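Here is how the chains run, residue by residue.
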Amino acid sequence: MPMNRSLLALVPLVGSLLLAGCGPSAGGDCDGGGFVCQERVLALECRGGKWRELPCRGPLGCRETSEAVRCDTSNNVAGDACASSAEGTGLCRADGQAVLECRQGVLTETATCSACTVENSQVTCQP
């Protein structure tokens, strides 16, 4: 009897491991461009022929709609990867005390502020 229980316990584990291998994964090959949600807080971007991880640390995480993949980067930090579509754009650090800008695929702190705000995609950093 214990042998059967062990076998039954392994079936869900093996099934979940097999499913984990399906679909795109970081470092895997891809064609063209595009995005998918890998997890609730992680997107993948097809960039340069490989899937690349993009953190979605904001409260809305990563979500797919019929129109697009949305990645909430509002709590992302310097050093996090950023999407090619965000290249050259900025956001406020979560504490509102600095500007982070997407440069060569990585969020880089470009200025410190007493207050950072974003309105209509325009980042304002008060000295």
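Up top you'll find the structure we're talking about.
Residues numbered from 1 in each chain as written. Predicted model: local features only at pLDDT ≥ 70, side-chain atom pairs only at ≥ 80, totals over all residues. Heavy atoms only, no water.

Caption draft 1: Expanded view of the sheet that holds strand β2 (residues 42–47). Taken in spatial order, the three strands line up as β1-β2-β3 in an open sheet, and their pairing is antiparallel. With partners counted over all chains shown, the strands left at the sheet margins are β1 (35–39) and β3 (50–55), one partner each. With strand direction ignored, the average angle separating the axes of adjacent strands in the sheet is 35°. Pairing of β1 with β2, which is carried by four bridges, proceeds in the antiparallel orientation. Within β2, the residue paired with cysteine 37 across the bridge is alanine 43. (Pairing = 2+ DSSP bridges. Helix = DSSP H or I, 4+ residues; strand = E, 2+ residues; numbered from the N terminus. Axes fitted to C-alpha atoms, helices over the stretch in contact; angles between N-to-C directions.)

Caption draft 2: Summary view of the layout of surface pockets. In this model, the largest pocket occupies a volume close to 520 Å³. Around the largest pocket, the lining is made up of 22 residues, and of these Cys71, Thr73, Ala83, Ser85 and Ala86 lie nearest the centre. Listed by contribution, the elements that provide at least two residues to the lining of the largest pocket are β3, β5 (69–71) and β6 (90–92). Top contributing element to the lining of the largest pocket by residue count: β5, with three residues. (1 Å grid on protein atoms, 1.4 Å probe; cavity = no way out; pocket = protein on both sides within 12 Å on 5 of 7 lines; lining within 4 Å. Points joined across faces, edges and corners; volume = space filled by probe spheres on them.)

Caption draft 3: Structural detail: the sheet that holds strand β7 (residues 98–103). The antiparallel open sheet is built from three strands, whose spatial order is β6-β7-β8. Looking at the sheet topology across the chains shown, the edges are occupied by β6 and β8 (106–112). The average angle at which neighbouring strand axes cross in this sheet is 30°, direction not considered. Relative to β8, β7 is paired through six bridges, and the arrangement is antiparallel. Bridge pairing links alanine 98 to threonine 112 in β8.

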